[in-house]
Amino acid sequence: MMEEVKEVTSILSVHGQNVKVTEVLKDGDTLTFLIVSQKLSGTGEYHVDRTYDDFEWLQQHLFSQDDEPGIQGVIFPPLPAKAQVNASAKVVKQLGFLALGEWQPYCKALEIFLRQIATHSILSRNKAVEIFLTSSEPPGRQRVRKNIFNRLSQAVEGMRKEGHKDVDEFFQTERDHNLVLTGYTKTAAERFLDVVLTEQKIAVACGHFSAALRLCVEAGEDPDKQAFSKACVKLSELFESMKKNITSVAENNVNTLGLGLDLESRYQEAEKEMLFRRTCKLVELETARRNAERAKPVKKAAMEEVKKATETEFKHICGVAKQEISRFQGARVEMLQQALVQWCEKQLLTARQNADQFNQHLQVFRGMA
């Protein structure tokens, strides 16, 4: 099945930019995601259901295109970590923003992942993408192979190669920038997540206090008790409004800037993986050149062929990588800009709505004075 998929190239029959993950269904511990894609023919939509194993199946096929020149220079759209129905604290920490707000943020992240693949000039040609988006049969329920090249940085030898001096100033500069940005974006995402978690805790506390105030209400004819009970009811309503307000603010944070920072962080890691793959190929090329220079006459021709093949492969990788970096830099600015604008618009709307509500509460308390 793997070879059949890799050998066939295809132009997608759907609008890649309009792919949607509309819903998630829970069956015990299994999560199934509903994906809707608009047909290019304009005659309808494809509706398919996919599990996380299917997403891994797709990712593995994209990683395994050894016959695609320069494939290792691609910045692969990062697939979010696997979500679980009853996730452990470790999984929740790993998912970050994607573990908050029911399943909407996670579905959005998967949706972006699919759109990035479906609109990619190289990756969208893989037949696996067409199968994933249009086939009624689930493609990836079999166990997928975990040994994929974009995880090379986890190897022990990676520590040595990561610090290898680059021969190209463009890539050395990009590696230096990526190293800094990877740390900054991860820290920014973590700090913003702390803000959201704190807001959620405050919202819960406001809800508890609102409920506690209701317990202070007493029945009876005593005017003082009636006045006190009325004040408790109104204060309870006020804190309930505060709870809703802070909950909305937290949800806005998650669904706009939170998702933006999460995606930025994962994409910086994806670029880091690509740059590392290229560095590994550079080390391989330098080794091949040394071997060709030192080879004895009987092995000279064979070593020269290895050197030439490695040089050609490295050239393809560098060519694709430069295009990918240029595209990535433009896309990441646009994604972050969109997240920031949406964040401001959502929070401004929420602030106006809550200002109106608090003004109403203020008028009520003035009337009680």
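The structure under discussion appears in the preceding block.
Now for a look at the structure at hand. This structure is a prediction, so every number in the text was calculated from the model and none was measured.

1. Looking at the packing of helix α4 (residues 104–118) against helix α8 (residues 223–294)
At step 1: Across the interface, α4 lies against α8 with an axial gap of 11 Å and an inter-helix angle of 50°. Comparing their axes, α8 and α4 come out oblique. In the packing of α4 onto α8, the handedness of the crossing is right-handed. Contact residues: Gln104, Pro105, Lys108, Ala109, Ile112 and Gln116 in α4; Val254, Asn255, Leu259, Leu263, Arg266 and Tyr267 in α8.
At step 2: Looking at the contact of α4 with α8 residue by residue, the class counts come to 7 nonpolar, 3 polar and 2 charged.

2. Considering the pairing of strand β1 (residues 20–27)
At step 1: In the sheet, β1 pairs with strand β2 (residues 30–38) via 7 bridges, with the strands oriented antiparallel. Paired with Leu25 across the two strands is Thr32, which belongs to β2.
At step 2: Linking two consecutive strands that pair antiparallel, namely β1 and β2, is a turn of 2 residues; a positive phi of about 65° is found at Gly28 within it.

3. Side note on the nonpolar core
At step 1: In this structure, Phe33, Ile35, Phe55, Leu58, Tyr106, Leu114 and Leu133 are the most contacted members of the largest nonpolar core, which totals 41 residues.
At step 2: Of all the secondary-structure elements, those providing two or more residues to this core are β1, β2, α2 (52–63), α3 (89–95), α4 and α5 (127–134).
At step 3: Residue contributions to this core peak at 8 residues, all from α4.
At step 4: With sequence-adjacent residues up to four places away left out, Leu58 is seen in contact with Phe113, Leu114, Ile117, Ala128, Val129 and Phe132.
At step 5: Membership of the second largest hydrophobic core comes to 15 residues, among which are Leu263, Tyr267, Ala270 and Ala321.

Rules of the game
- Residues numbered from 1 in each chain as written.
- Predicted model: local features only at pLDDT ≥ 70, side-chain atom pairs only at ≥ 80, totals over all residues.
- Heavy atoms only, no water.
- Axes fitted to C-alpha atoms, helices over the stretch in contact; angles between N-to-C directions.
- Helix = DSSP H or I, 4+ residues; strand = E, 2+ residues; numbered from the N terminus.
- Parallel < 35°, antiparallel > 145°, perpendicular 65-115°, else oblique.
- Left-handed = near helix turned anticlockwise from the far one by under 90°.
- Contact = heavy atoms within 4.5 Å.
- Nonpolar A, V, L, I, M, F, W, Y, C, P; charged D, E, K, R; others polar.
- Pairing = 2+ DSSP bridges.
- Core = buried A, V, L, I, M, F, W, Y, C linked by side-chain atoms within 4.5 Å.
- Buried < 20%, exposed > 50% of the residue type's maximum accessible area, 1.4 Å probe, protein only.

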